[in-house]
Amino acid sequence: MKLEQQADGLYYVTFRTVAGTDETVCTNKDTLEGAQQIVADAKIEEIERASEARILSAQVVGRILVQKAPTLKAAFEEYLKWMREQSTYSHRTQRVYRNTIHDWCESVGLWNKQVSLVEPIDVAKFINYADTRKAITRSGVRSQISSFLTFCINQGYCFSNPAATVKVDHRILTHAQKEKRPTVLFTDAEVRSLLSKTTGFWHAAIALAFYAGLRISDILRLEWSCLQHPDQITFWTLKTNTRCTVPLTLPLQQALEHVIKTDDKYLFPGEYHAFCDDSSNLSHAFSYLCIEHGLGKRNFHALRHSYVTRSILRGIPNHIVSERVGHRSTATTEQYTHIEHGRNH
């Protein structure tokens, strides 16, 4: 281990990690005594001598950075500002993330803890708390906390993500909690029935989701320039910022022929300006639309699941379907596929 003062006047410590590599970190101290105290508190010499303890170097770095790392409360405020001003998250997504991080810090008592000292157990206590949440909900909560901690890493407040190693403990869950909520696919007959009973935005939106797999958020942002090619629709999906191209099939062409151009940019300017920041009200409206037409309470996103499943059943390769719907990986596409249900329909 070496402790040296560098050109900026601060002392830096270089130490051997348990992985056998050298790590150099600033102690944020400009006196030898202060730097030595930081090194002593971090127990760097002990960790170097006891590699069998399997202590991660990130823990050492975290202790050193404790001098400048903010509390979770301060980091949370910065995260909220970042989401509002720089992220592409919708208002609804921002609200979900805000509530999750708030509930986590509140229930585990983390507000005054420094970010660099957060441990996996702090995340696990919240993820695996004994309540009625389903496994898929707990997994989503873990991802939301992980996103916040990734923000903290990018800000230089910590060197590792404590949520990365946390898993949902299925041993504490009931059978019902482990089961995923079933996705009820739409049949051709159901969609044709809906199309015959709807006009305007809903007529086109249902067709775009069922015959092209578009999300409601991307339908709202669809521009006339996306339809320049006579045989395809090209657009950038909001969620993954991915360029997608889907075939413009005959049923889709017929549905889009009814869209009246009232804006030079957007196909659906009224819906875009009303719901672009939060499309959840549209999703609820669709559920009531299905009830009104005798289909029961259905989910608009199930139209997208139906498109993916139908595409796979027709023999389109998984990676092609993944590219068309804007998934980052084929693994996500596989989760959208309900083969047995699709065959039955």
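This report concerns the structure included in the present document.

Cut-offs used in this document
Residues numbered from 1 in each chain as written. Predicted model: local features only at pLDDT ≥ 70, side-chain atom pairs only at ≥ 80, totals over all residues. Heavy atoms only, no water. Helix = DSSP H or I, 4+ residues; strand = E, 2+ residues; numbered from the N terminus. Buried < 20%, exposed > 50% of the residue type's maximum accessible area, 1.4 Å probe, protein only. Contact = heavy atoms within 4.5 Å. Areas by Shrake-Rupley, 256 points an atom, 1.4 Å probe, with all protein chains shown as cover. Core = buried A, V, L, I, M, F, W, Y, C linked by side-chain atoms within 4.5 Å. Salt bridge = Lys/Arg side-chain N within 4 Å of Asp/Glu carboxyl O. Axes fitted to C-alpha atoms, helices over the stretch in contact; angles between N-to-C directions. Parallel < 35°, antiparallel > 145°, perpendicular 65-115°, else oblique. Nonpolar A, V, L, I, M, F, W, Y, C, P; charged D, E, K, R; others polar. Pairing = 2+ DSSP bridges. Polar contact = N/O pair within 3.5 Å; in protein donor to acceptor, adjacent residues only side chain to side chain.

This part takes up the overall build of the chain. Scanning the chain from terminus to terminus reveals 18 helices and five strands. The burial tally for the chain puts 43% of its 345 residues in the buried class. Pairs at least 24 residues apart make up 58% of the contacts formed inside the chain by residues separated by at least 6 positions. Of the accessible surface of the chain, which amounts to about 18,800 Å², a share of 48% is contributed by carbon and sulfur atoms.

Counting residues in each nonpolar core, the largest one holds 45 residues, and the members touching the most others are F186, I233 and F286. Of all the elements, helix 10 (residues 200-212) adds the most residues to this core, at eleven residues.

All chains considered together, the criterion is met by seven salt bridges. Between R298 and E190 there is a salt bridge, with its nearest N and O atoms 3.3 Å apart. Taken together, the residues span a long stretch of sequence, with R298 in the loop between helix 14 (280-292) and helix 15 (301-313) and E190 in helix 9 (residues 188-197) at a distance of 108 residues. Comparing R298 with E190, the two get one shared label, buried. Within this structure, D131, R133 and R138 form a network of salt bridges that share partners.

It is worth spelling out the packing of helix 10 against helix 15 at this point. Orientation of helix 10 relative to helix 15, taken along the N-to-C sense of each, is 30 degrees, at an axis distance of 6 Å. Taken together, the axes of helix 10 and helix 15 are roughly parallel relative to one another. Contacts between helix 10 and helix 15 involve I206, A209, F210, Y211 and A212 on the former and, on the latter, L303, R304, S306, Y307 and R310. In terms of residue class, the contact of helix 10 with helix 15 is made up of seven nonpolar, one polar and two charged.

A word on the pairing of strand 5 (residues 242-247). Bridging between strand 4 (residues 232-237) and strand 5 involves six bridges; their strand directions are antiparallel. Bridging across to strand 5, T237 finds its partner in T242. The turn linking strand 4 back onto strand 5 is made up of four residues, and N241 within it adopts a positive phi angle of 50 degrees.

With respect to the helices, strands and loops of the structure, L32 is situated in helix 1 (residues 32-42). Residue classification places L32 among the partly exposed positions, given a relative accessible area of 34%. Among residues more than four places away in sequence, those in contact with L32 are L3 and Y11.

As for its position among the elements, T333 is in helix 17 (residues 330-336). Classification of T333 as buried rests on a relative accessible area of 0%. At 3.3 Å, the side chain of T333 forms a polar contact with the side chain of S322. Setting aside its immediate chain neighbours within four residues, T333 contacts V308, N318, V321, S322 and H327.

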